[in-house]
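# Secondary and tertiary structure notes
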Amino acid sequence: MFWKKGRQQEDELTNERVLEVLQQVKDPTGTSNIVEKQLVSDISILNGRVVFSIKIPANEAERLEGMRKAAEKIVSVLPGVEKVMAVLTAEKTPGRAPASAPIPSAPAAAVSSGPAAQKSLAPETQASRPSGGGKLEVPGVANIIAVASGKGGVGKSTTSANLAIALSRLGLRVGLLDADIYGPSVPKLMGVSGKPELVEGRIMKPMEAHGIKLMSIGFLVDEETAMIWRGPMVTSALNQMLREVAWGELDVLVVDMPPGTGDVQLTMAQKVPLTGSIVVSTPQDLALLDARRGVAMFEKVSIPVIGVIENMSHFVCPDCGGRHEIFGHGGAREEARKMKVPFLGEVPLTMELRMQSDAGTPIVAAAPDSTVSHAYMTIGEEIKTALENKGEVLTKPAPRIVIE
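Here's what I pulled together on the structure shown here. (Residues numbered from 1 in each chain as written. Predicted model: local features only at pLDDT ≥ 70, side-chain atom pairs only at ≥ 80, totals over all residues. Heavy atoms only, no water.)

With that settled, consider the pattern of salt bridges. If you walk through the whole model with that rule in mind, you get 9 salt bridges. Glu 20 serves as the salt-bridge partner of Arg 17, at 3.0 Å between the closest nitrogen and oxygen. Of this pair, Arg 17 and Glu 20 both sit in helix α2 (residues 15-22), 3 residues apart, which is roughly one turn of that helix. Overall, the relative accessible area of 12% leaves Arg 17 in the buried class. (Salt bridge = Lys/Arg side-chain N within 4 Å of Asp/Glu carboxyl O. Helix = DSSP H or I, 4+ residues; strand = E, 2+ residues; numbered from the N terminus. Buried < 20%, exposed > 50% of the residue type's maximum accessible area, 1.4 Å probe, protein only.)

Listed below in structure tokens is the structure:
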């Protein structure tokens, strides 16, 4: 039961007002509405942006896409609303995996911008040809690279940001997608704040910094907001940030993946046409154990592993310049050899790297002549070469094993 206390309270954007207008949306059976059936939950309102979930039967996601759009349209007319995101979620039932929300249709034409790269990587790429397994291409994006780690705290986001800038300095048109919904780092690392603009309909204009196009959930919610979302909500949000953004023409989109090898990572690997993956690890045994799981996950879903990076390979003392192998050294190289995947290089840990990251100026942009920047540039060259030769290197079929 809802009531009104004067015009001023009626126009206030609250959870109650959102629920009130959502009573106009029929439930899946058509006998009541989604509010009375208690299908609406997880309402979040911040700076004119409204996010909520609608619980549906696991096998009805495709049929009820129209209901989701109707709910968004109803809420969008409320005073003060700038952006609405409704996500279909499903409870897991015995013997059936949870259904992810349907992937939004990609825009008919992405907004093109920026000069052509010195050497285009677009011809014969995974994004420019049909992909199987339910994957949808991202128009204009030639290559999508996932930067992953088996565990958190190994510097994956810092690595993603600096590799994006390194690839840009090598002449490529680069975007960076922060796929870590629970702990978005890209806004801080790249020194960017504010909200993305809508260019048409639901299509958002990416933020930009250091020559890189950016998108992160951190641009859409307050940095202190706790993202208490279930797996299907996270997957749907990632799909929307990927496919409802006017990326334009990109040679490569670097995706900073969430840490771990859970449902979100597996769904991203299965639904996004990834060209390849990069696994980041520190040298100690505990991190290497999780890195091994990361490589195994990508191999199971037939995504090529471009290589392994050893981050925090050693610490360089700012006072004496001495080298200290705090986490050991060479573990990632040896692990890559055992797993028969390329080793891309080592990145040291320095005070300057930490300070520039905190300041929102990645070290490759702030101090291009530093030792750390040279390490990132060398790795960037390896990645660029792998992308240029991916027809031979990344997509080579596995050897046939015959047991006699």
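On we go from here.
By the element assignment, Gly 155 lies in the loop between β4 (144-148) and α4 (156-169). Sequence separation between Gly 155 and Glu 310 is 155 residues; the distance between their C-alpha atoms is 9.9 Å. Once you skip the residues sitting within four places of it in the chain, Gly 155 turns out to touch Asn 311 and Met 312. (Contact = heavy atoms within 4.5 Å.)

Turning to the sheet that holds strand β1 (residues 40-46), a few remarks are in order. If you walk across this open sheet you meet the 3 strands as β1-β2-β3, and the pairing is mixed. The sheet is open, and its two borders are formed by β1 and β3 (83-89), each paired with just one other strand. On average, each strand axis in the sheet is tilted by 10° relative to the strand beside it, whichever way the strands run. Here 7 bridges tie strand β2 (residues 49-55) to β3, and the two strands are oriented parallel to one another. Bridge pairing in β3 links Lys 55 to Thr 89. Sitting on the sheet, α2 is in contact with β1 and β2, with an inclination near 130° to β1. On the sheet, helix α3 (residues 65-76) packs against β2 and β3 and is oriented at approximately 150° with respect to β3. (Pairing = 2+ DSSP bridges. Axes fitted to C-alpha atoms, helices over the stretch in contact; angles between N-to-C directions.)

So, about the pairing of β4. When you tally the buried positions in β4, you get 5 out of 5 residues, the bulk of the element. Residues Ile 144, Ala 146 and Ala 148 point to one face of β4 and Ile 145 and Val 147 to the other, with burial holding for every one of them. Two strands pair when backbone bridges link them, and β4 and strand β10 (residues 252-256) are joined in this way by 4 bridges, in the parallel orientation. If you follow Ile 144 over to β10, its bridge partner there is Leu 253. As defined by bridge partners, β4 adjoins strand β11 (residues 276-281) across 4 bridges and the pair is classed as parallel.

Turning our attention to the environment of Leu 172. Mapped onto the elements, Leu 172 comes out in the loop between α4 and β5 (174-178). A C-alpha to C-alpha distance of 8.6 Å links Leu 172 and Lys 384, two positions 212 residues apart in sequence.

By themselves, these are just geometric observations and shouldn't be taken as functional.
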